[in-house]
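Here's the letter readout for the chains.
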Amino acid sequence: MFADDAKIMRRIKTDEDRQRLQDNLDKLEEWSRKWLLKFNSGKLSNDHKKVSNDHKKVSNDHKKVSNDHKKVSYDHKKVSYDPKKVSNDHKKVSNDHKQVSNNHKKVSNEHKQVSNDHKQKVSNDHKKVSNDHRKGSNDHKKESNDHKKVSNDHRKRSNDHKKVSNDHRKGSNDHKKESNDHKKVSNDHKKVSNDHKQVSNNHKKVSNEHKQVSNDHKQKVSNDHKKVSNDHKKVSNDQKKVNNDQKKVNNDHKKVNNDHKKE
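Residues numbered from 1 in each chain as written. Predicted model: local features only at pLDDT ≥ 70, side-chain atom pairs only at ≥ 80, totals over all residues. Heavy atoms only, no water.

1. Things to note about helix α1 (residues 15–34)
Consideration 1: Along its 20 residues, α1 runs 29 Å from first to last C-alpha, staying within 8% of the 28 Å computed at 1.5 Å per residue.
Consideration 2: Looking at α1, one finds that the buried residues are Asp17, Leu28 and Ser32. The arc that holds every buried residue of α1, seen down its axis, measures 55°, which confines them to one face. Counted as exposed and oriented over 90 degrees from the buried face of α1: Asp15, Lys27, Glu30, Arg33 and Lys34. (Helix = DSSP H or I, 4+ residues; strand = E, 2+ residues; numbered from the N terminus. Expected span 1.5 Å × (residues − 1). Buried < 20%, exposed > 50% of the residue type's maximum accessible area, 1.4 Å probe, protein only. Arc of directions from axis to C-beta.)

What follows is the structure, encoded as structure tokens:
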């Protein structure tokens with residue numbers, strides 16, 4: 001069996017040889033499941049059974065010819081010791097022996113043909129398996145590169161979100177200082193603070209989900225990325241809401257300042 005630079009082959013003479021070959025095939029199957037590169041073992045198995053049946057048929061024919069040959073040899077010895085029937089029986093035995101020899105050659109040629117067909121079939125199947133394995137390996141590399149790109153984009157978005165969050169904290173501290181001068185501004189600021197807590201919780205949730213994506217990215221990359229993307233949209237909407245509330249607070253603060261100036 002060939003898969004790139006891997007091959008498995010053993011001449012079967014005993015049951016122990018057969019068991020060792022089966023153990024190696026089991027290890028190869030386990031490797032294919034681990035790396036998600038499946039072999040078309042069913043097709044090879046059917047071809048092998050067909051060839052095995054042909055081999056059994058040829059072997060049975062060979063045994064039959066061998067038995068005929070033994071029988072002819074026995075008759076030949078028997079005739080040799082009968083002086084009265086030597087000539088006719090000897091000719092008959094000689095003809096039978098020639099026929100047996102021809103049958104034996106025919107069976108031998110058929111056996112060679114079956115063996116050559118089996119080798120050619122197995123070689124073609126191995127080449128196909130090797131090509132499929134190369135294709136699967138290239139697809140896996142492509143998926144890995146795409147995942148790295150998505151991960152880098154996610155890190156960049158996370159850093160941008162942290163920067164926005166830090167700017168928001170700074171604005172919140174300035175707003176707390178101004179909120180002590182007016183009740184309305186204070187109430188609006190509490191609302192903004194609550195919205196900010198919601199944004200912070202969503203950010204923590206997104207961060208935890210990102211850790212989960214990193215641990216399980218081999219199996220659930222697509223689904224977790226979609227979830228992270230939805231969470232980012234939610235955070236973005238919350239941020240927009242916070243910005244709107246901030247603008248409202250700023251407008252109220254300007255109104256208060258104008259009222260103070262008028263006073």
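2. Description of the packing of helix α4 (residues 183–215) against helix α5 (residues 217–262)
Consideration 1: Packing of α4 against α5 brings their axes to within 9 Å, and their N-to-C directions diverge by 165°. Relative to α5, the element α4 is oriented roughly antiparallel. Taken as a pair, α4 and α5 cross one another with a handedness that is left-handed.
Consideration 2: When the residues that make up the contact of α4 with α5 are grouped by side-chain class, the tally is ten nonpolar, eleven polar and 14 charged. (Axes fitted to C-alpha atoms, helices over the stretch in contact; angles between N-to-C directions. Parallel < 35°, antiparallel > 145°, perpendicular 65-115°, else oblique. Left-handed = near helix turned anticlockwise from the far one by under 90°. Nonpolar A, V, L, I, M, F, W, Y, C, P; charged D, E, K, R; others polar.)

3. Here we look at the pattern of salt bridges
Consideration 1: Tallying each qualifying case throughout the model produces four salt bridges.
Consideration 2: Between Glu29 and Arg33 there is a salt bridge whose closest N-O contact spans 3.4 Å. Residue Glu29 and its partner Arg33 are both found in helix α1; the two are separated by four residues, about one turn of the helix.
Consideration 3: Among the ionic pairs, Glu209 bridges to Lys227, the shortest N-O distance being 3.6 Å. Remark: Lys227 occurs in helix α5 and Glu209 occurs in helix α4; sequence separation between them is 18 residues. (Salt bridge = Lys/Arg side-chain N within 4 Å of Asp/Glu carboxyl O.)

4. Points about the environment of His196
Consideration 1: With respect to the helices, strands and loops of the structure, His196 is situated in helix α4.
Consideration 2: For His196, a relative accessible area of 17% gives the class buried.
Consideration 3: Separated by 3.0 Å, the side chains of His196 and His168 make a polar contact. (Polar contact = N/O pair within 3.5 Å; in protein donor to acceptor, adjacent residues only side chain to side chain.)

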